[in-house]
Amino acid sequence: MQEKLTTIEEAISKISNGDVVALQTMATVASPMTLVRELIRQQKRELGLVVLVGGIPVDLLAAAGVINRLIGAAVTMEQFGLCQQYRQAVEQRRIRVEEISESVLNARLGAGARNLPFLPTRGAIGTDLMKENPDNMKLLDDPFGGLPVIACRALVPDVALIHAHRADRFGNIQYEPTALWPDMGIMPYAAKQVIVSVEEIVDTEVLRLNPDRTVLPGFMVDAVVEVPYGAHPTSFYPDYGYDSDFHRQWTSISRDNEKVKEFISRYVHSPANQQEYLEAIGGESVLNYIAKWEQAE
Amino acid sequence: MQEKLTTIEEAISKISNGDVVALQTMATVASPMTLVRELIRQQKRELGLVVLVGGIPVDLLAAAGVINRLIGAAVTMEQFGLCQQYRQAVEQRRIRVEEISESVLNARLGAGARNLPFLPTRGAIGTDLMKENPDNMKLLDDPFGGLPVIACRALVPDVALIHAHRADRFGNIQYEPTALWPDMGIMPYAAKQVIVSVEEIVDTEVLRLNPDRTVLPGFMVDAVVEVPYGAHPTSFYPDYGYDSDFHRQWTSISRDNEKVKEFISRYVHSPANQQEYLEAIGGESVLNYIAKWEQAE
Amino acid sequence: MSLDWQNSPVTDDYSIEELLITVLADQFRNDDQATNGMGSFIPVAAFMLARKTHAPDLIWLAGTVGLEPRPERIPASTLEAPLWKDSIMYIEQYGDAWHLLFSSRWIEKFCVGAAQLDQYGNANNSIIGSDYHAPKVRLPGTAGLADLCSLGKKLYYWNLNHSSRSLVEKVDFISGAGYLEGGDARDKLGLANGPQLVVTNLAVMDFHPESKRMQLKSVHPGVTVEQVQDATGFELILPDGDVPETSKPTKAQVKLIREDIDPDEMRNK
Amino acid sequence: MSLDWQNSPVTDDYSIEELLITVLADQFRNDDQATNGMGSFIPVAAFMLARKTHAPDLIWLAGTVGLEPRPERIPASTLEAPLWKDSIMYIEQYGDAWHLLFSSRWIEKFCVGAAQLDQYGNANNSIIGSDYHAPKVRLPGTAGLADLCSLGKKLYYWNLNHSSRSLVEKVDFISGAGYLEGGDARDKLGLANGPQLVVTNLAVMDFHPESKRMQLKSVHPGVTVEQVQDATGFELILPDGDVPETSKPTKAQVKLIREDIDPDEMRNK
């Protein structure tokens with residue numbers, strides 16, 4: 001079988017400036033943060049970002065000037081507040097937002113995955129979203145005489161970035177039973193390329209023990225990398241929760257562009273690898289803390 | 001919580017003559033056969049049947065004069081051959097077939113489940129299926145200028161009949177990790193009512209141990225009944241395989257209308273309950289045989 | 001549970017958050033199905049309170065993920081795994097959730113906050129300003145609100161900051177469809193249900209059955225009708241006769257919220 | 001596996017089913033992805049043979065359910081769990097399978113039988129007769145064939161009963177779109193790929209690149225061109241010069257089929 005295991009650098013080097021990147025992210029939940037930091041390290045530019053609900057990864061990418069457009073349903077860090085760098089970039093026209101609701105996002109990606117020109121929804125009817133997005137959302141009469149729908153144009157991202165629990169070297173990806181956001185269920189099927197970071201590389205025999213937990217077949221995956229704590233500071237259940245201190249540290253300085261630079265230097269550029277990153281964020285004591293996620297603050 | 005546990009008789013009495021019934025069935029795989037036999041016992045008439053790929057249940061229902069129309073992708077017992085009673089009924093115009101491909105069935109049920117007037121597919125374009133089915137399949141231009149699609153009209157069955165591994169008394173339904181046909185993934189979501197037979201009723205606490213294996217929430221289920229071997233003679237993995245002897249017994253007589261009557265009398269009308277049915281089909285020795293399904297002939 | 005919540009007397013010892021929780025809890029019946037989104041400590045407390053009192057069978061889909069969970073208390077996020085501890089079912093967010101949430105048949109009730117809400121119940125969580133692509137403030141975005149508003153759900157808005165900036169004559173952007181221009185505008189698009197109630201730190205409002213304009217339903221204890229009107233960016237319809245006072249929480253309700261449901265005081269965050 | 005399949009000599013000791021298996025196996029390359037439907041013992045044997053010889057990495061989705069399974073031998077059904085023993089992944093048939101099968105990007109090759117196949121590769125598994133609602137014979141139905149034929153898959157037809165009843169000038173009903181009326185008819189509808197090969201008990205056929213009419217590619221050992229033409233319900237296009245003979249199976253192939261892949265002789269059912 002074709003080997004898909006590679007390094008973080010090599011995996012992210014597949015992405016070109018200007019690409020549309022679908023990113024797994026749900027506020028403070030499960031985002032491939034090591035891959036996100038590598039986008040910054042490799043100084044990617046003018047990326048478009050597709051997100052369900054973007055959190056800290058969107059803020060960091062906005063701060064580093066990596067993205068210039070966003071297609072998504074929301075950007076927020078939930079209890080940690082708004083993403084200030086993203087917000088500033090939008091208000092200053094450095095990022096253009098194509099805001100779509102969750103059902104429109106599902107429909108656009110679903111059409112991309114199924115090689116259909118569009119999928120319909122009845123969500124978002126009556127809102128101003130369609131007014132601002134006539135190229136991708138069109139009111140369409142029901143040919144059977146019922147109520148009209150919104151036709152949502154197929155979206156095919158150039159690449160999807162995903163984090164998962166385990167994989168084999170051939171890119172077969174497995175997830176523990178937990179919440180599967182649309183990121184996992186549809187983004188990789190719609191994207192032209194799929195890059196996955198996993199907590200652990202295992203032998204294929206391990207995957208065969210639970211074939212129902214495999215969420216992506218290896219032939220759909222272009223690169224897989226092993227990155228323990230690859231979702232930090234977002235949560236990755238049941239392995240670890242979000243790092244609330246890290247989020248608070250970010251929000252406490254994220255309106256100050258100078259401090260933002262220092263923050264990115266310290267956590268993105270300085271650590272030479274994931275091991276050094278984990279030491280930079282506090283090492284064992286922080287990792288032990290996020291492992292006890294039922295007591296998260 | 002609302003009690004959904006009931007008897008087979010009571011569950012099936014909810015179905016009215018003329019109803020459209022979506023039936024879980026995939027050739028020789030996983031059909032709620034005890035519920036099917038009860039449709040015959042209660043002498044239902046003029047039912048419409050929605051199937052992915054109907055097998056022996058369709059043949060028995062056709063033989064007993066229960067159904068007068070079928071919406072589905074195929075009817076066959078795979079290695080055991082054609083369903084002769086069904087075939088005869090269609091050729092004699094006693095059953096009218098609306099033949100749709102699998103993607104059209106998925107689209108019609110998917111639209112029903114999502115309360116959309118239609119969903120599109122590019123499957124079946126160029127075939128004669130659309131010609132025979134202009135009320136439910138219409139060619140529709142892509143509003144974004146791409147290739148046209150077939151709009152598949154929403155299908156909302158009156159009731160879905162399902163078999164599963166276990167449930168609690170409140171109708172929360174769980175499935176072991178195995179193949180989940182579209183029957184399970186979409187039929188119950190589309191139907192107005194859902195009736196489920198399960199191998200075993202368990203305490204809700206048991207379901208909470210594996211929430212990822214729960215496939216239907218109790219609030220969607222109208223009736224649940226406990227029926228061990230409720231899929232016999234079809235297979236229900238990992239509990240048991242199909243009963244090849246029973247299938248062969250049926251196909252050996254299924255062209256002979258007199259013998260068909262005897263067969264239905266012996267296996268459908270005579271047994272007063274599931275226990276008597278299991279004795280009629282051969283008791284322990286047959287049950288032990290189908291349990292060893294890896295050696296199935 | 002032996003708590004005699006039915007005969008518990010009302011109390012003056014309550015916070016405004018606790019009042020909102022009890023007003024919202026009262027909207028949920030025993031045969032309802034409800035779900036919560038992110039940052040929804042007050043609605044989650046309301047669901048949990050309803051389940052511990054008058055609506056033990058209220059079906060709760062936590063964070064649109066976990067069905068019938070049993071968290072011991074409200075955790076620090078309403079969109080993370082601790083909330084859906086011990087669920088009966090996980091809802092897969094691309095498949096099942098689409099069928100469940102984007103159909104009007106199931107999970108019909110949803111509580112939500114909005115940065116702006118207008119006199120016809122239209123909601124804005126997208127932008128403040130007049131230029132969509134260079135807004136004065138970029139808000140989080142509609143998330144699933146645009147869907148739930150148009151897909152026949154019943155929406156309950158909560159707002160701890162009743163002001164003419166949050167309750168406006170016309171929203172800058174419709175992220176969630178209320179009654180649009182009022183009257184039968186919503187019906188004409190085939191949209192069922194819609195906004196039911198608005199609960200703020202000052203009052204409770206609903207919508208006039210014909211005009212669909214927001215109307216005052218009750219003022220909270222100690223608040224005058226004038227205070228409410230002054231803090232609102234449009235003219236509220238007043239009921240005939242005196243405006244009722246919002247029912248105060250009972251002792252049992254406050255005790256349940258403080259000791260059982262939310263001992264970590266997430267409701268005050 | 002130490003079997004030297006590359007240098008194995010051809011043999012005359014083979015059955016017609018074994019010849020079909022080797023012809024089909026030859027269609028699958030190491031980087032292909034293929035799936036099988038029901039009653040598909042010959043294609044499944046072909047996939048397994050290809051994986052044991054020239055295409056060890058051929059990706060096989062068993063019964064559209066189990067990815068990369070390891071059944072010890074061909075079981076009694078190609079659509080039941082014994083076939084997808086030890087899979088790496090189960091494909092959920094409403095969600096994942098839709099994205100996988102109904103997209104032209106993945107799982108591009110499919111082997112199928114048809115009750116009728118016409119000169120342009122249109123397939124019929126629906127009815128025999130002229131009245132759709134009172135047919136002479138009601139066949140099983142299209143199942144997923146209509147989808148696979150229109151969604152850009154490459155289709156390989158097998159037929160153990162080459163006759164003018166199964167290979168007809170025009171099918172009674174198009175259950176699966178081939179090249180329709182031929183020429184660019186299929187392209188005009190935006191349908192990619194389509195029928196590639198027809199393997200019968202007499203010959204191997206493919207389709208003319210322009211007219212899209214069926215053309216003889218090779219005749220099986222011992223079969224004449226006349227015999228094939230006589231058994232065909234329309235005129236086959238003949239290649240320039242002599243018609244080649246279909247390659248016989250090698251000793252190693254036959255041994256693998258008989259001893260390892262299909263010792264229970266499901267291929268003969």
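Residues numbered from 1 in each chain as written. Chains lettered and ligands numbered in written order. Predicted model: local features only at pLDDT ≥ 70, side-chain atom pairs only at ≥ 80, totals over all residues. Heavy atoms only, no water.

Comments concerning the overall build of chain C
Inference 1: If you tally the helices and strands in chain C, you get seven helices and 14 strands.
Inference 2: Relative to its length of 269 residues, chain C is compact, with a C-alpha radius of gyration of 18 Å against a globular reference of 18 Å.
Inference 3: Its C-alpha atoms put chain C at 50 × 50 × 35 Å along the principal axes.
Inference 4: Out of the 269 residues belonging to chain C, those deemed buried represent 65%.
Inference 5: Only carbon and sulfur atoms are counted for the fraction: they give 44% of the accessible area of chain C, which is about 9700 Å².
Inference 6: With 25 positive and 37 negative side-chain charges, chain C shows a spacing of 3 Å between the two charge centroids. (Helix = DSSP H or I, 4+ residues; strand = E, 2+ residues; numbered from the N terminus. Rg over C-alpha atoms; globule rule 2.2 N^0.38 Å. Buried < 20%, exposed > 50% of the residue type's maximum accessible area, 1.4 Å probe, protein only. Areas by Shrake-Rupley, 256 points an atom, 1.4 Å probe, with all protein chains shown as cover. Lys, Arg positive; Asp, Glu negative; His and termini not counted. Charge placed at Lys NZ, Arg CZ, Asp CG, Glu CD.)

Some details on the domain arrangement of chain C
All names here are of chain C.
Inference 1: Once the domains are mapped, chain C shows domain 1 (1–108 + 248–269) and domain 2 (113–246).
Inference 2: Between the C-alpha centres of domain 1 and domain 2 there is a distance of 22 Å.
Inference 3: If you look at the interface, domain 1 gives 21 residues, while domain 2 gives 19 residues.
Inference 4: Where domain 1 touches domain 2, the interface holds zero salt bridges.
Inference 5: Here domain 1 and domain 2 share five residue pairs in polar contact (both at pLDDT 80 or more) between them.
Inference 6: Of all the elements in the fold, those that place two or more residues in the side of domain 1 that touches domain 2 are α1 (16–25), α2 (41–52) and α3 (96–101).
Inference 7: Counting residues per element, the side of domain 1 that touches domain 2 draws most heavily on α1, at six residues.
Inference 8: The residue inventory of the side of domain 1 that touches domain 2, partitioned by class, reads 13 nonpolar, five polar and three charged. (Domains from an automatic or database assignment. Contact = heavy atoms within 4.5 Å. Salt bridge = Lys/Arg side-chain N within 4 Å of Asp/Glu carboxyl O. Polar contact = N/O pair within 3.5 Å; in protein donor to acceptor, adjacent residues only side chain to side chain. Nonpolar A, V, L, I, M, F, W, Y, C, P; charged D, E, K, R; others polar.)

Here we look at the relation of the copies chain B and chain A
Inference 1: The operation relating chain B to chain A is a screw motion whose rotation component is 180 degrees, with 0.0 Å of axial translation and a residual RMSD of 0.0 Å. This pairing of chains is accounted for by a two-fold axis. Considering only C-alpha atoms, the part of chain B nearest the rotation axis is Leu119 of chain B, at 3.5 Å.
Inference 2: In this assembly, 100% of the residues forming the interface of chain B have copies in chain A that are likewise at the interface, indicating an isologous arrangement. (Least-squares fit on C-alpha atoms with pLDDT ≥ 70 in both.)

Re the packing of helix α2 (residues 33–41) of chain A against helix α3 (residues 56–63) of chain A
Residue and element names in this part refer to chain A.
Inference 1: Packing of α2 against α3 leaves a shortest axis separation of 10 Å and a crossing angle of 5 degrees. Classified by the angle their axes make, α2 and α3 are roughly parallel. For the pair formed by α2 and α3, the contact residues are Met33, Val36, Leu39 and Ile40 on the first element and Ile56, Pro57, Leu60 and Leu61 on the second.
Inference 2: Considering only residue class, the contact of α2 with α3 consists of eight nonpolar, no polar and no charged. (Axes fitted to C-alpha atoms, helices over the stretch in contact; angles between N-to-C directions. Parallel < 35°, antiparallel > 145°, perpendicular 65-115°, else oblique.)

Digging into the pairing of strand β2 (residues 47–54) of chain B
All names here are of chain B.
Inference 1: Here β2 lies mainly inside the structure; eight of its eight residues are buried.
Inference 2: As defined by bridge partners, strand β1 (residues 20–23) adjoins β2 across three bridges and the pair is classed as parallel. Along β2, the bridge assignment pairs Ala22 with Val50.
Inference 3: The pairing of β2 with strand β3 (residues 67–75) spans seven bridges and is classified as parallel. Its bridge partner lying in β3, Gly54 is registered against Val75.
Inference 4: Tracing the backbone out of β2, into helix α3 (residues 56–63) and back to the parallel element β3 gives a crossover that is right-handed. (Pairing = 2+ DSSP bridges. Right-handed = clockwise from strand over helix to strand, strands pointing away.)

Here we look at the pairing of strand β2 (residues 59–62) of chain D
Residue and element names in this part refer to chain D.
Inference 1: Here β2 shows a buried face lined by Ile59 and Leu61 and a second buried face lined by Trp60 and Ala62.
Inference 2: Sheet analysis places strand β1 (residues 33–35) next to β2, joined by three bridges and oriented parallel. Directly across from Thr35, in β2, lies its bridge partner Leu61.
Inference 3: In the classification by handedness, the crossover that spans β1, the intervening helix α2 (residues 41–52) and the parallel β2 is right-handed.
Inference 4: Note: β2 against strand β3 (residues 66–67), two bridges, orientation antiparallel. Each bridged residue has a counterpart across the sheet, and for Leu61 the counterpart in β3 is Leu67.
Inference 5: Where β2 folds back on β3, the antiparallel hairpin that results is connected by three residues, among which Gly63 adopts a positive phi of roughly 60 degrees.

A look at the interface of chain A and chain C
Inference 1: In this complex, chain A contributes 54 residues to the contact, which on the side of chain C involves 48 residues.
Inference 2: With both chains or domains summed, chain A and chain C bury close to 4200 Å², and 60% of this area falls on carbon and sulfur atoms.
Inference 3: At the boundary of chain A and chain C, one finds three salt bridges.
Inference 4: Two residues, Glu99 of chain A and Arg138 of chain C, come together in a salt bridge whose shortest N-O distance is 2.7 Å.
Inference 5: Along the contact surface separating chain A from chain C lie 27 residue pairs in polar contact (both at pLDDT 80 or more).
Inference 6: For the side of chain A that touches chain C, the secondary-structure elements that each account for two or more residues are β3 (67–75), α4 (84–91), β4 (96–99), α5 (102–114) and α6 (182–185) of chain A.
Inference 7: Element by element, the count of residues in the side of chain A that touches chain C is highest for α5 of chain A, at seven residues.
Inference 8: Among the residues making up the side of chain A that touches chain C, the classes are represented as 28 nonpolar, 13 polar and 13 charged. (Buried area = accessible area lost by both parts, 1.4 Å probe.)

Comments concerning the domain arrangement of chain A
All names here are of chain A.
Inference 1: Annotation of chain A at the domain level lists domain 1 (8–99 + 158–290) and domain 2 (105–153).
Inference 2: Between domain 1 and domain 2, the residue contacts involve 11 residues of the former and 10 residues of the latter.
Inference 3: Roughly 830 Å² is buried in total at the junction of domain 1 and domain 2, and carbon and sulfur atoms are behind 69% of that figure.
Inference 4: The three residues of domain 1 that bury the most area against domain 2 are Glu98, Glu99 and Ile186, which together make up 48% of that side's buried surface.
Inference 5: Inspection of the domain 1/domain 2 interface yields one salt bridge.
Inference 6: Of the charged contacts, one joins Glu98 and Arg108 as a salt bridge, the two residues approaching to 2.7 Å between their closest N and O atoms.
Inference 7: Counting across the interface, domain 1 meets domain 2 through three residue pairs in polar contact (both at pLDDT 80 or more).
Inference 8: Secondary structure elements with two or more residues in the side of domain 1 that touches domain 2: β2 (47–54), β4 and α7 (187–190).
Inference 9: Of the residues belonging to the side of domain 1 that touches domain 2, the class tally is nine nonpolar, no polar and two charged.

Some points on the interface of chain B and chain A
How big an interface is tends to be stated in terms of the accessible area lost upon association of its parts.
Inference 1: Counting from both sides, the interface comprises 23 residues of chain B and, opposite them, 23 residues of chain A.
Inference 2: When the two sides are added together, the surface that chain B and chain A hide from each other amounts to roughly 1900 Å², 78% of it contributed by carbon and sulfur.
Inference 3: Among the residues of chain B in contact with chain A, Phe118, Pro143 and Phe144 of chain B are the three that bury the most area, contributing 32% of the side total.
Inference 4: Taken together, the connections running from chain B to chain A amount to zero salt bridges.

What to know about the packing of aromatic side chains
Inference 1: Under the defined criterion, the tally for this structure stands at 30 aromatic pairs over all chains.
Inference 2: Ring geometry for Phe47 of chain D against Trp60 of chain D: centres 6.2 Å apart, planes inclined by 55 degrees, an arrangement best described as tilted. Here Phe47 of chain D, found in helix α2, pairs with Trp60 of chain D, found in strand β2; they are 13 residues apart in sequence, far enough to count as distant. Here Phe47 of chain D matches Trp60 of chain D in class, with each residue buried.
Inference 3: Each member of the aromatic cluster is reached from another via a ring pair, and the members are Tyr175, Tyr229, Phe236 and Tyr240 of chain A.
Inference 4: One cation-aromatic arrangement involves Arg186 of chain C over Tyr179 of chain C; the distance from NZ or CZ to the ring centre is 6.0 Å. (Phe/Tyr/Trp six-rings, centres within 6.5 Å; stacked < 30°, edge-to-face > 60°. Lys NZ or Arg CZ within 6 Å of the ring centre and 35° of its normal.)

Overview of the sheet that holds β3 of chain D
Residues and elements named next belong to chain D.
Inference 1: Taken in spatial order, the nine strands line up as β4-β3-β2-β1-β5-β10-β12-β13-β14 in an open sheet, and their pairing is mixed. Edge positions in the sheet fall to β4 (89–90) and β14 (214–219), since each has one partner strand and no second.
Inference 2: Helix-sheet contacts for helix α1 (residues 16–25) involve β5 (109–112), β10 (154–159), β12 (194–200) and β13 (203–207), and the interaxial angle to β12 is about 155 degrees.
Inference 3: In the packing of α2 onto the sheet, the strands contacted are β1, β2, β5 and β10, and the crossing angle to β2 comes to about 150 degrees.

Describing the sheet that holds strand β6 (residues 137–140) of chain B
Residues and elements named next belong to chain B.
Inference 1: Strand order in the open sheet formed by three strands is β5-β7-β6, and the pairing between neighbours is antiparallel. The open sheet has two free edges, formed respectively by β5 (118–121) and β6, since each of these has just one partner strand. Averaged over all neighbouring strand pairs, the angle between strand axes comes to 35 degrees, with direction disregarded.
Inference 2: In the sheet, β5 pairs with strand β7 (residues 149–153) via four bridges, with the strands oriented antiparallel. The residue bridging Leu119 from the neighbouring strand is Cys152, located in β7.
Inference 3: Its contacts with the sheet put helix α5 (residues 102–113) on β5, β6 and β7, and the angle it makes with β5 is roughly 155 degrees.

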